[in-house]
Amino acid sequence: ARLACYDRFSGRLPATPVAARDPLPEVPTPAPAMTAPAAADTASAASPGAGGAAGTSLLTRAWSFDPDSDRYLIKLYRPNYLNPVRYQSRTNDQPLEPLFTAFEPENSKLDKVEAEFQISFKTRVWASKDRRFGAWLAYTQQSFWQVYNGDISSPFRDTNYTPEVKLAWQPKFSWGGFDWRLLSVGYTHQSNGRSDPISRSWDRLVAEIGIEKGDFALLLRPWLRIDDDSDDTDNPDITDYYGHGDLTAVYKHRGHSFTLTGRGNLGEKKGALRVSWMTPPVVGPLRGYVVGFTGYGDTLLDYNFKQNAVSAGFALNDLLDR
């Protein structure tokens, strides 16, 4: 009918109306079937813990190895948290006894219940064009606060400062169902910034190897102490208790995050175990956070002191978030 109308308009046919044909019945176009890879991608993106957002791997997201990420950025690093309640089975009064004796306060003993918090961030100062290799600066500060101990003016019992310099690279190797996605090496200084008799510090070269499989990641950190322990009067035997590395497992499930870290010196039969559970967000971005610890060195001041502790509060991120 349209062609006949055009022919009449252009003078090719007389203006005699042509009977229009009945329109052909419309045949519905079948919807495209979802292929297996697309279905898998949808399931991965819909699962809250499936390798991070939209299927991105945990380690790729944590270290911004995605080529579309900003070259220079600031990110959260280790867990940022505030635990208003921390209960310790034993208190380490011995390092503070000379101070207590000097000032002679009444009831000069530490409480078993205190608060703890941690602030931690990292910044990438250089990255390759494909973002698979970069240089990072990091800073972590962990404080243990005798906030409920008014008898000794609620002091900070110990604060540990940890600046780091790192080079991080993303390998792309797979075996046994696991993907190798992180290799880093760097320099770490850790100190409590105090003078004798409660000064504690050490320096290390630290490597980190990260592998993952879906919602599970395994991080191995071997280290080498590089300060001169022969001249160290603060903590010359610290590696007897902290060992020469640690191993951390992270598992995410439906917005929950579970972490287990072990370290120690097998030859000295000393070490520590730390386990944590982080819930999905409960108030804005804040997530519930519960931590259990057993062994030596929950803080530098207690590097050679064994205790059990449990704490609870709120956190912004876990080890592999953001």
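Nothing here was measured: the structure is a model prediction, and the numbers come from that model.

*Asks:* Quick question: what am I supposed to make of the pairing of strand β9 (residues 216–225) here?
*Replies:* Consecutive side chains of a regular strand alternate in pointing toward one face of the sheet and then the other. Residues of β9 alternate between two faces, with Ala217, Leu219, Arg221, Trp223 and Arg225 buried on one and Phe216, Leu218, Leu220, Pro222 and Leu224 left unburied on the opposite face. Summarising the sheet, strand β8 (residues 201–213) and β9 pair through 8 bridges and their orientation is antiparallel. Looking at the pairing, Glu212 lines up with Ala217 of β9. Where β8 folds back on β9, the antiparallel hairpin that results is connected by 2 residues, among which Gly214 adopts a positive phi of roughly 65°. Pairing of β9 with strand β10 (residues 245–253), which is carried by 7 bridges, proceeds in the antiparallel orientation.

*Asks:* So what exactly am I meant to see when it comes to the side chain of Thr299 here?
*Replies:* By the secondary structure assignment, Thr299 is in the loop between β13 (286–296) and β14 (306–315). In this structure the side chain of Thr299 is engaged in a polar contact, spanning 2.5 Å, whose partner is the side chain of Asp158. Among all residues touching Thr299, those that are not within four sequence positions of it are Phe144, Arg157, Asp158, Asn160 and Tyr242.

*Asks:* Where do I start with the environment of Ala312 in this structure?
*Replies:* By the element assignment, Ala312 lies in strand β14. Using a relative accessible area of 34% as the deciding quantity, one classes Ala312 as partly exposed. In this structure, the C-alpha to C-alpha distance between Ala312 and Ala115, residues 197 residues apart in sequence, is 9.2 Å. Once residues lying within four places of it in the same chain are set aside, the contact partners of Ala312 are Asn83, Pro84, Val85, Tyr289 and Val290.

*Asks:* Help me out: how do you make sense of the nonpolar core in this one?
*Replies:* The nonpolar side chains of a soluble globular protein tend to be buried, and buried together. The biggest cluster of nonpolar side chains holds 16 residues, and the ones touching the most others in it are Trp63, Ala168, Leu182, Leu219 and Leu320. Looking at this core, the element that brings in the most residues is helix α3 (residues 58–62), giving 3 residues. Among all residues touching Leu320, those that are not within four sequence positions of it are Leu58, Leu59, Arg61, Ala62, Ala217, Leu219, Val250 and Lys252. Residues Trp223, Tyr241, Tyr242 and Leu300 belong to the second largest nonpolar core, which totals 9 residues.

*Asks:* Explanation requested: the pattern of salt bridges in the structure shown.
*Replies:* Pairing is possible between side chains that carry opposite charge, provided their charged atoms lie close to one another. With the rule as written, the count across this model stands at 12 salt bridges. Note that Arg86 is salt-bridged to Glu116, the shortest N-O span being 3.7 Å. Of the two residues, Arg86 is situated in strand β2 (residues 81–88) and Glu116 in strand β3 (residues 113–127); the sequence distance between them amounts to 30 residues. Like Arg86, the residue Glu116 is buried in the burial classification. Of the charged contacts in the structure, one is a salt bridge between Glu208 and Lys166, with a shortest N-O distance of 3.6 Å.

Scoring rules and cut-offs
- Residues numbered from 1 in each chain as written.
- Predicted model: local features only at pLDDT ≥ 70, side-chain atom pairs only at ≥ 80, totals over all residues.
- Heavy atoms only, no water.
- Buried < 20%, exposed > 50% of the residue type's maximum accessible area, 1.4 Å probe, protein only.
- Helix = DSSP H or I, 4+ residues; strand = E, 2+ residues; numbered from the N terminus.
- Pairing = 2+ DSSP bridges.
- Polar contact = N/O pair within 3.5 Å; in protein donor to acceptor, adjacent residues only side chain to side chain.
- Contact = heavy atoms within 4.5 Å.
- Core = buried A, V, L, I, M, F, W, Y, C linked by side-chain atoms within 4.5 Å.
- Salt bridge = Lys/Arg side-chain N within 4 Å of Asp/Glu carboxyl O.

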